[in-house]
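Coordinates in review
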Amino acid sequence: MLARAAAVDTAAAADAQHGQELYESRCGGCHSLDANRVGPAHRGVYGRKAGSAPNFAYSTAVKSSTVVWEEKTLDAWLTNPQALIPGQRMNFRVAAAGDRADIIAYLRQQSGK
Amino acid sequence: MTQMIDLRRRGVLLSASAVALMAGYEKMAFAQGNGAASANDVGILNTALALENEAISAYQLGAQSGLLQKPVLEVAVLFQSHHKEHRDALIATIRKLGGTPVAAKSDAEVAKALNASALKTQTDVLRLAQRLEKGAANAYIGVIPSFGDRNLAQISARLAADEVMHWTALSGALQDPLPAKALSFGA
């Protein structure tokens, strides 16, 4: 119960504008919102199934995953991708919970959710 | 001419050194006998290789755009050569770890993904390169905790340092102020 309340608080306090800055500086080496690059395009990622961005060559692990991207799963993914989906290829971690929350808020905003 | 040949030889020697260095670390990874960790390390290195391939294409697009003037053009070509050295070292290490290096996308595919048709000035090209270099530095920093082989994690830090050096030079060319606070990368 407390953990759930804390998660809700984190989501409520998340700053999408700061998330955009973090996204551009930390995710932008590999990702764009509207183009598949080293990683898949991110617009619309919030709420969609893992491995479902059109025309991106995912790892087998991500392609066959049943994960749907929302607060909890994106937070787990950014904390340690390999722990959430063993065999994935991202491996990039965001250590600070507040930064993860802000990036997720930005991705949610850009997904129209 | 002699100077050019010397520079080329130096470049070859640097590449060979980098490959040999990473090949040494690869043996350590095998010695650990952790197949899952090695496989994950190969995955990280392949993602890094895709990033380096994109950077090489981006600098190629910039160099061929006709928008870069000397000495910026020469610096762009130098930075591209660094990314080629990174690429070669990564490919050698992936192969020695038993992996298959990912193929590079074509320059045309990269141009489309990076919206290169929107680049109209030298500043536009420099801004794109600056953004990509910062992203690359942060990517190398962000994967450090995920390496099973700590020696490869150290290599990742060294690659990040190269990207930061590129970012700093590009920021100087753009006359951007230096970061006001410390620890501005990886944060």
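Located above this text is the structure these notes cover.
Presented here is a report on the structure given in the accompanying data block. These numbers come from a predicted model, not from an experiment. Position numbers for residues count from 1 along each chain, tracking the sequence in the order it is written. For naming, the first written chain is A and the first written ligand is 1, with later ones following in the order written. Local features are withheld for residues below a pLDDT of 70 in this predicted model, meaning they are given only at 70 or higher, and side-chain atom pairs are given and counted only at 80 or more; totals for whole chains, interfaces and linings count all residues. Neither water nor hydrogens contribute to the side-chain values; these are computed over all heavy atoms in the structure.

Quick word on the overall build of chain B
For clarity, the cut-off: By the criteria applied, helices consist of DSSP H or I runs no shorter than four residues and strands consist of E runs no shorter than two, each listed in order from the N terminus. The cut-offs for exposure are 20% and 50% of the maximum accessible area for each residue type, with area from a 1.4 Å probe on protein chains only; residues under the lower value are buried, those over the upper are exposed, and the others partly exposed. Any pair of residues with heavy atoms lying within 4.5 Å of one another is described as a contacting pair. All accessible areas in this document rest on Shrake-Rupley with a 1.4 Å probe, and a residue is counted as covered only by the protein chains that are shown.
Helix and strand content of chain B: six helices and zero strands. Counting from the amino terminus, chain B carries its helices and strands in the arrangement α-α-α-α-α-α. Counting all 187 residues of chain B, 43% fall into the buried class. A fraction of 82% describes how many contacts in chain B between residues 6 or more apart in sequence connect residues 24 or more apart. Of the roughly 9600 Å² of accessible surface on chain B, a fraction of 60% belongs to carbon and sulfur atoms.

Considering the packing of helix α4 (residues 71-79) of chain A against helix α6 (residues 97-110) of chain A
Residues and elements named next belong to chain A. Applied cut-off: In this analysis an axis means a line fitted to C-alpha atoms, helices contributing only their contacting stretch, and an angle means the value between N-to-C directions, from 0 to 180 degrees. When describing relative orientation, an angle under 35 degrees is termed roughly parallel and one over 145 degrees roughly antiparallel, while 65 to 115 degrees is termed roughly perpendicular and anything else oblique. Each crossing gets its handedness from the near helix: less than a right angle anticlockwise from the far helix is left-handed, clockwise is right-handed. When residues are sorted by character, Ala, Val, Leu, Ile, Met, Phe, Trp, Tyr, Cys and Pro go into the nonpolar class, Asp, Glu, Lys and Arg into the charged class, and all the rest, Gly among them, into the polar class.
Contact geometry of α4 with α6 gives a least axis separation of 10 Å together with a crossing angle of 130 degrees. As summarised for this structure, α4 and α6 are arranged oblique, according to the angle between their axes. Handedness of the crossing formed by α4 with α6: right-handed. Between α4, through E71, L74, D75, L78 and T79, and α6, the contact on the second element is made entirely by R100, I103, I104 and R108. For the contact of α4 with α6, the residue count by class is four nonpolar, one polar and four charged.

Regarding helix α3 (residues 72-96) of chain B
For clarity, the threshold we go by: To estimate how far a helix should reach, multiply one less than its number of residues by 1.5 Å.
Given a rise of 1.5 Å per residue, 25 residues ought to cover 36 Å, and the 36 Å separating the end C-alpha atoms of α3 of chain B matches this to within 8%. Two residues or fewer past α3 of chain B, G98 of chain B is found with a positive phi of approximately 90 degrees.

Section: the pattern of salt bridges
Using the following cut-off: Salt bridges are identified by distance alone: a Lys or Arg side-chain nitrogen within 4 Å of an Asp or Glu carboxyl oxygen.
The tally for this structure, following the rule as stated, stands at seven salt bridges over all chains. The shortest N-O distance in the salt bridge between R43 of chain A and D34 of chain A comes to 2.6 Å.

Some thoughts on the packing of α3 of chain B against helix α6 (residues 150-173) of chain B
All names here are of chain B. Closest axis-to-axis distance for the α3/α6 pair is 11 Å, and the angle between their directions is 165 degrees. Here α6 runs roughly antiparallel to α3, going by the angle between their axes. Considering the relative orientation of α3 and α6, their crossing is left-handed. Residues F79, H82, H83, H86 and T93 of α3 pack against L152, L159, D162, E163, M165, H166, A169 and L170 of α6. Taken together, the residues that form the contact of α3 with α6 break down as six nonpolar, five polar and two charged.

Details of the interface of chain A and chain B
Under the convention used in this document: Buried area is understood as the total, over both parts, of accessible area removed when two parts are fitted together, assessed with a 1.4 Å probe. We call two N or O atoms a polar contact when they sit within 3.5 Å, provided that within protein one can donate a hydrogen and the other can accept it, with sequence-adjacent residues counted only if both atoms are side-chain atoms.
Taken together, the contacts link 17 residues of chain A with 22 residues of chain B. Roughly 1700 Å² is buried in total at the junction of chain A and chain B, and carbon and sulfur atoms are behind 52% of that figure. Among the residues chain A hides against chain B, the three largest losses belong to R37, N91 and R93 of chain A. Together they make up 32% of the total. Residues R37 of chain A and E54 of chain B are paired through a salt bridge, measuring 2.6 Å at the closest nitrogen-oxygen approach. Linking chain A to chain B there are 10 residue pairs in polar contact (both at pLDDT 80 or more). Here the element with the most residues in the side of chain A that touches chain B is helix α2 (residues 16-27) of chain A; it accounts for three residues. For the side of chain A that touches chain B, the class distribution of residues is six nonpolar, seven polar and four charged.

Quick look at the environment of S52 of chain A
Residues and elements named next belong to chain A. Position of S52 relative to the elements: it lies in the loop between α2 and α3 (60-63). The class of S52 is partly exposed, set by a relative accessible area of 35%. In sequence terms S52 and V62 are 10 residues apart; their C-alpha atoms lie 9.0 Å from each other. A polar side-chain atom of S52 sits 2.5 Å from the main-chain carbonyl oxygen of K49.

Function cannot be inferred from these measures alone, as they are strictly geometric.
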